Amino acid sequence: MNTQQSFFERNRAVIIFAIIALLMPLWFPLIGGYQGLDTKIMIMCILVVGFDLLLGYTGYLSFGHAAFFGIAAYTTGIMLKDFSGQVIPAIVVAVVLSTLVSVVIGLLTLKRTGIYFSILTLAFAEMFHAMAMAMLQEWTGGENGLTGMMTPMLGSIKMQGAVVFYFSAIIAIVMFYLAKRIERSPVGLMMRAIKCNQTRLEYTGINARKYKLLTFIISAFYAAIAGALMVVYEPFVGHEFLGWHQSGEFVLMSVIGGVGTLVGPMLGAGFMLYFENVLSADIGEHWLLFLGIIFMAVVIFMPGGFMEAISRLQARFNNK
Amino acid sequence: MTDVKSDKTASGWSRRDVLKGASVGAVGAATPMFFTKNAWAEEAIGNYPVKGSEVVFGFNVPQTGAYADEGADELRAYKLAVKHLNGGGGMLDTLKPSKLTGNGVLGKKVTYVTGDTQTNADASRTSARRMIERDKVIMVTGGSSSGIAIAQQYLCHELGIIFMCGLTHSNDTTGKDKRRYGFRHFFNAHMTGKALAPVLSNEYGSDRRAFHLTADYNWGHTQQQSMQQFTEAEGWSTAGNILTPLKTTDFSQYLAQVMNSDADVLVLNHYGANMVNSLTNAVNFGMRDMQKNGKNLEIVVPLYSRLMAAGAGSANIDGVLGTSGWNWSLQDDGSKAFVDSFVAEYGFPPSQAAHTCYVQTLLYANACEMAGTFYPPAVIKALEDFEFTGAGNGSTLYRGADHQCIKSMLVMQGNSPSARTSDFDYLKVVQEVDRETANYDPSIFPGELGPYKPA
């Protein structure tokens, strides 16, 4: 059915995202942004796109994605510290390890749905957090965080400043493109079917568990890439990367932007980081209060997040 | 020769020659600039050189989260320091040697930006980065826990910005994680152990048996090791040590083990809410009225703060010993000048966190004046091995080997409810431990400061 559409038509969202992302160093400083924050936004975009495949499409709310984010970050950190400053082997090892962990956690948690699934994933993430803080302190640096890594290098290029930004932005664009492909694929159809009515899907003879696990792993894969990039961007791993707070932030970003749209969570990630780091300085110590009010307003008046606001505006323009 | 030359022209070399010539000419023309403009002699590092008539400091403190109270007090101190730097007053009159004029720093008016660390290492780094990249701060200071301080110290070192630590007590900050661009005025766990152990053995005897409860993270571990090392040097023995998870709120199960042991001293290597809860639990168990080995069971809290003492309540901390870096009741000129101006501004006395942050800001500004430039390596050299008085705690040395301030410390005791005269009078100074007793050899800790110029 898509055969009539040209490449450009099919990938309009990806191309628009690519343009906005690659030009970010030009326009972001105009609204009070700065180098470093744009990189972080790109990294979070990768994570929330993967998160949305699980939450928005399959309907599973994971409260433990910090586990995959953090495990990848720690692995990258340890690789950069003890193995070599080259980022590619570090990222590959980190993503593979973190994805393997997700297979195990996925098998154990996906037996349950709804709130039970959320709590199970939360419990696993907290378990890793506790391990990083206590048992594995020798490796993770515990409360002080993991420090003392070599300068991350890509070949002979130092991964600093604009280089990291474009590196992350290109990966973000590729990952967004892949997510769009998944959305249109038969797997994407299965995801939506699981969200819609899992029991009915199983009655048609389809093994829903297989698809649930696949989605879970894909989404952990996205989180792992983001976690690894986070350390390439700044050679430091804090124990907070594994904490429930971090998991909660992923959920907030997704909900505020609009789940099930892929673009929405990215908007949410950008907004949250912008608010937390730019507007908070102007608001002062009460910035969390304002963020809370905005979040409540979105949930009450626009359950579809920013994306709902955009589509409402579009509808109004079209009516005129 | 002519052949070769014509060959070059044919292969397009001449254009490159022209460009080369032009660039050499341009550099030649600009050469006088390098010598006449002094600033050009030192290359740009971090946000040096400072442009315009103002210089910006970055105050990155916890405004939300568990340490928000301490962060708020730190921010008050920073604002006061800026006011004094621009208009005179406070410790500007007592700090010696000092080149501060009360008319800004190096002729530039001091302004500031603030950020929220959220007591989260990642958030603190992002916030510090905002100050450095966007707001062009020349120096970052703040923080109310060691993990956060260390995280920012590494970032600032990479970016060539000097970081003046706020309240951080872990040995690691100026030990294994010390950085050339990081400076700590506050004392550390090792110094606590060194200062406190002789007082404890004087007070309670040299044949005591101690049981440690330790918050299970880096600071707790360093604190426990130091306390064990120095109490054992006094002749004490150690009955045991339990690592308690940071999130523990009920310490009964651990305290029961302490009571079942043969220990007669309980050392609580806890900070903040942990300490408030463990001490309150211990008091509720009647441990302070207990007899062990024919002696009174004693409780020790190595690191004290006024906010923690207030949290635990004066009935619970009555007589309990611990250490502090500074207290508002000190009577030296520097402390009095600071406390008076702080009270005049805000209506209540400052905490030790406020003191260390205030002093750090002044010391940085003074180092710039002494160096005659904001060029970071020169400022670092001015701070290293800087010896000063008039900032509280007597004569103080900013040790060059590890960027740790060596100064006298205070052994504090909880005030009983009846002896307390105000809401800020929870602790009284029992003894001022002099600088030589608190001093130690920096080489006992691993770690390297790193280069003067960031890679």
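Residues numbered from 1 in each chain as written. Chains lettered and ligands numbered in written order. Predicted model: local features only at pLDDT ≥ 70, side-chain atom pairs only at ≥ 80, totals over all residues.

Undergrad: So what about the nonpolar core? Which residues, and what values?
TA: The tendency in soluble globular proteins is for nonpolar side chains to be buried side by side. By size, the foremost hydrophobic cluster in this structure holds 220 residues, and its most contacted members are L47, A226 and A228 of chain A. With 16 residues, the single largest contributor to this core is helix α11 (residues 208-233) of chain A. Counting the residues that make up this core, at least three belong to each of domain 1 (54-187 + 329-407) and domain 2 (190-324) of chain B. If we ignore the near neighbours within four places in the chain, the residues touching A228 of chain A are A72, A73, T76, A90, I91, A94 and V95 of chain A. (Core = buried A, V, L, I, M, F, W, Y, C linked by C-beta atoms within 7 Å. Buried ≥ 20, exposed ≤ 12 C-beta atoms within 10 Å, placed from the backbone. Helix = DSSP H or I, 4+ residues; strand = E, 2+ residues; numbered from the N terminus. Domains from an automatic or database assignment. Contact = placed C-beta atoms within 7 Å.)

Undergrad: Describe in detail helix α5 (residues 65-82) of chain A, supporting the description with residues and values.
TA: With 18 residues, α5 of chain A ought to run about 26 Å at 1.5 Å a step, and its terminal C-alpha atoms sit 26 Å apart, in line with that. The buried fraction of α5 of chain A is high, at 17 of 18 residues. (Expected span 1.5 Å × (residues − 1).)

Undergrad: Lay out the interface of chain A and chain B in plain terms, naming residues and giving numbers.
TA: Listed as interface residues are 23 residues of chain A and, on the opposing side, 30 residues of chain B. When contributions to the side of chain A that touches chain B are tallied by element, the ones reaching two or more residues are α4 (37-57) and α13 (263-283) of chain A. Ranked by the residues each element gives to the side of chain A that touches chain B, the list is headed by α13 of chain A, at 3 residues.

Undergrad: Please set out unusual backbone geometry residue by residue, giving values where relevant.
TA: All names here are of chain B. Residue P49 follows Y48 across a cis peptide bond; omega there is 0 degrees. Relative to the helices and strands, P49 is located in the loop between α2 (13-36) and β1 (54-61). At the junction of K96 and P97, the peptide bond is cis and its omega measures out at -5 degrees in the coordinates. With respect to the helices and strands, the residue P97 is situated in the loop between α3 (68-87) and β2 (109-116). Despite not being glycine, T119 has its phi angle at roughly 45 degrees, a positive value. Note that T119 resides in the loop between β2 and α4 (121-133). You will see that H403, though not glycine, has its phi angle at about 65 degrees, which is positive. Structurally, the position occupied by H403 is in the loop between β14 (396-398) and β15 (405-406). Classification of H403 by C-beta neighbours within 10 Å gives buried; the count is 25.

Undergrad: Can you break down the sheet that holds strand β4 (residues 162-165) of chain B residue by residue, with the values?
TA: All names here are of chain B. Here we have 5 strands laid out as an open sheet, ordered β2-β1-β3-β4-β5, and parallel in their pairing. At either end of the open sheet lies a strand with only one pairing partner, and these are β2 and β5 (182-183). Pairing of strand β3 (residues 139-142) with β4, which is carried by 4 bridges, proceeds in the parallel orientation. Looking at β4, one finds that G142 is bridged to C165. (Pairing = 2+ DSSP bridges.)

Everything listed here is a matter of geometry and, on its own, says nothing about what the molecule does.
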